[in-house]
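Letter by letter, the chains look like this.
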Amino acid sequence: MSYPIPPPPIDHPEYRRHHRWMSRAIALADAAGQRGDVPVGAVVVDAGNQLIGEGYNHREDSHDPTAHAEIVALRAAGQMRHSWRLTNCTIYVTLEPCPMCVGAIILSRISTVVYGADDVKTGAARTAMNLFDGPCSNRSPRVIGGILEETCRQQLQAWFAARRQDRHHP
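Residues numbered from 1 in each chain as written. Predicted model: local features only at pLDDT ≥ 70, side-chain atom pairs only at ≥ 80, totals over all residues. Heavy atoms only, no water.

**Q** When you look at helix H3 (residues 69–81) in this model, what are you seeing that I'm missing?
**A** Taking 1.5 Å as the rise per residue, H3 with 13 residues should run 18 Å; its terminal C-alpha atoms sit 18 Å apart, in good agreement. Of the residues making up H3, those classed as buried are Ala-69, Glu-70, Ile-71, Val-72, Ala-73, Leu-74, Ala-77 and Gly-78. In this structure, the buried side of H3 is in contact with strand S1 (41–45), strand S2 (51–56), strand S3 (90–95) and helix H4 (99–108). With its phi angle positive at about 60°, His-82 sits one or two positions after the end of H3. (Helix = DSSP H or I, 4+ residues; strand = E, 2+ residues; numbered from the N terminus. Expected span 1.5 Å × (residues − 1). Buried < 20%, exposed > 50% of the residue type's maximum accessible area, 1.4 Å probe, protein only. Contact = heavy atoms within 4.5 Å.)

Here it is, written out as structure tokens:
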């Protein structure tokens, strides 16, 4: 199912860039949802605004509890760069990263984290907790939340509503 992505409401180069890459992450999230996994997508972009990694949740079909969108995208970016150090890169993700993903982002040395919807249960960037600025973090990337937030939230809510509906109607 495709989700409507409104045009950028702010005509500023940085916002247009965030809008573009979050739109790509939303499309990846849709692929995850169609495959039966929670619809979360992520992309990693380098300082030259080039895509170097992308991924979506695929824990269900891979039977891998670490196959979160962020982890998949970070791995792809590391392979593309031939390095685990992703300095001067930005990760875009449709849902606020969980503690595991925040840890991986910190270790990868990502410079900027941009996400769509807050995660009130497990969000570790600022909602449920803030691990980026915590004492266990040796890096504190710039964090920007709320990019295409409504679209990201609607995508997740619709997927979970459909799952609940399926459970009640075999």
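Having seen the structure, we can now continue with the description.
**Q** Is there a simple way to think about the pattern of salt bridges in this case?
**A** Scanning the model with the defined rule gives 7 salt bridges in all. In this structure, the salt-bridge partner of Arg-59 is Asp-37, at a minimum N-O distance of 3.7 Å. On the criterion of sequence distance, the pair formed by Arg-59 in helix H2 (residues 59–62) and Asp-37 in the loop between helix H1 (13–34) and S1 is long-range, its members being 22 residues apart. Among the residues examined, Asp-37 registers a relative accessible area of 2% and is labelled buried. A single network of salt bridges, built from pairs that share partners, joins Glu-149, Glu-150 and Arg-153. (Salt bridge = Lys/Arg side-chain N within 4 Å of Asp/Glu carboxyl O.)

**Q** In this structure, what is going on with unusual backbone geometry? I would like to understand it.
**A** Note: most peptide bonds trans; most residues except glycine with negative phi. The phi angle at His-63 is positive, at roughly 55°, despite the residue not being glycine. Checked against the element boundaries, His-63 lands in the loop between H2 and H3. With relative accessibility at 71%, the residue His-63 sits in the exposed group.

**Q** Looking at this structure, I do not really get the environment of Met-100. What am I missing?
**A** For Met-100, the location among the structural elements is in helix H4. In contact with Met-100, other than residues within four places in its own chain, are Pro-65, Thr-66, His-68 and Ile-71.

**Q** Sorry if this is basic, but what is going on with the side chain of Thr-112 here?
**A** Positionally, Thr-112 belongs in strand S4 (residues 112–117). Every residue in contact with Thr-112, bar those within four places of it in the chain, is listed here: Cys-89, Thr-90, Ile-91, Pro-141, Arg-142 and Ile-144.

**Q** Just checking my understanding: could you explain the sheet that holds S3 for this structure?
**A** Two pairing modes exist for strands in a sheet, parallel and antiparallel, and in both the strands are linked by backbone hydrogen bonds. Sheet architecture is open: 5 strands sit in the order S2-S1-S3-S4-S5, paired in mixed fashion. Taken across any chain shown, the strands that pair with only one partner, and hence form the sheet edges, are S2 and strand S5 (142–145). Each adjacent strand pair in this sheet contributes to an overall mean axis angle of 15°, direction not counted. In the sheet, S3 pairs with S4 via 5 bridges, with the strands oriented parallel. By the bridge assignment, Tyr-92 is partnered in S4 with Val-114. (Pairing = 2+ DSSP bridges. Axes fitted to C-alpha atoms, helices over the stretch in contact; angles between N-to-C directions.)

**Q** What exactly am I supposed to notice about the nonpolar core here?
**A** Soluble globular proteins: nonpolar side chains tend toward being buried together. Judged by nonpolar contacts, the single largest core of 40 residues is most densely connected at Met-22, Val-44 and Ile-110. Residue assignment for this core shows that the elements contributing at least two residues are H1, S1, H3, S3, H4, S4 and helix H5 (149–168). Ranked by residues supplied to this core, first place goes to H1 with 6 residues. Non-local contacts of Ile-110, meaning those with residues more than four positions away in its chain, are made with Val-44, Leu-74, Leu-86, Cys-89, Ile-91, Ile-105 and Pro-141. (Core = buried A, V, L, I, M, F, W, Y, C linked by side-chain atoms within 4.5 Å.)

**Q** What should I look at first to understand the side chain of His-68 in this one?
**A** Turning to its location among the elements, His-68 is positioned in the loop between H2 and H3. With residues near it in sequence (within four places) discarded, His-68 still touches Asn-57, Arg-59, Cys-98, Met-100 and Cys-101.

**Q** Sorry if this is basic, but what is going on with the layout of surface pockets here?
**A** In this model, the largest pocket occupies a volume close to 610 Å³. Taken together, 23 residues form the lining of the largest pocket, with Leu-95, Asp-119, Thr-122, Leu-156 and Phe-160 sitting closest to its centre. By residue number, the principal contributor to the lining of the largest pocket is H5, which donates 6 residues. Looking at side-chain class alone, the lining of the largest pocket contains 11 nonpolar, 4 polar and 8 charged residues. What lines the second largest pocket is a set of 14 residues, and nearest its centre among them are Arg-17, Asp-46, Ala-47, Asn-88 and Thr-90. Elements that contribute at least two residues to the lining of the second largest pocket include exactly H1 and S3. If one sorts the elements of the lining of the second largest pocket by residue count, H1 sits on top with 3 residues. A class-by-class count of the residues in the lining of the second largest pocket yields 4 nonpolar, 6 polar and 4 charged. (1 Å grid on protein atoms, 1.4 Å probe; cavity = no way out; pocket = protein on both sides within 12 Å on 5 of 7 lines; lining within 4 Å. Points joined across faces, edges and corners; volume = space filled by probe spheres on them. Nonpolar A, V, L, I, M, F, W, Y, C, P; charged D, E, K, R; others polar.)

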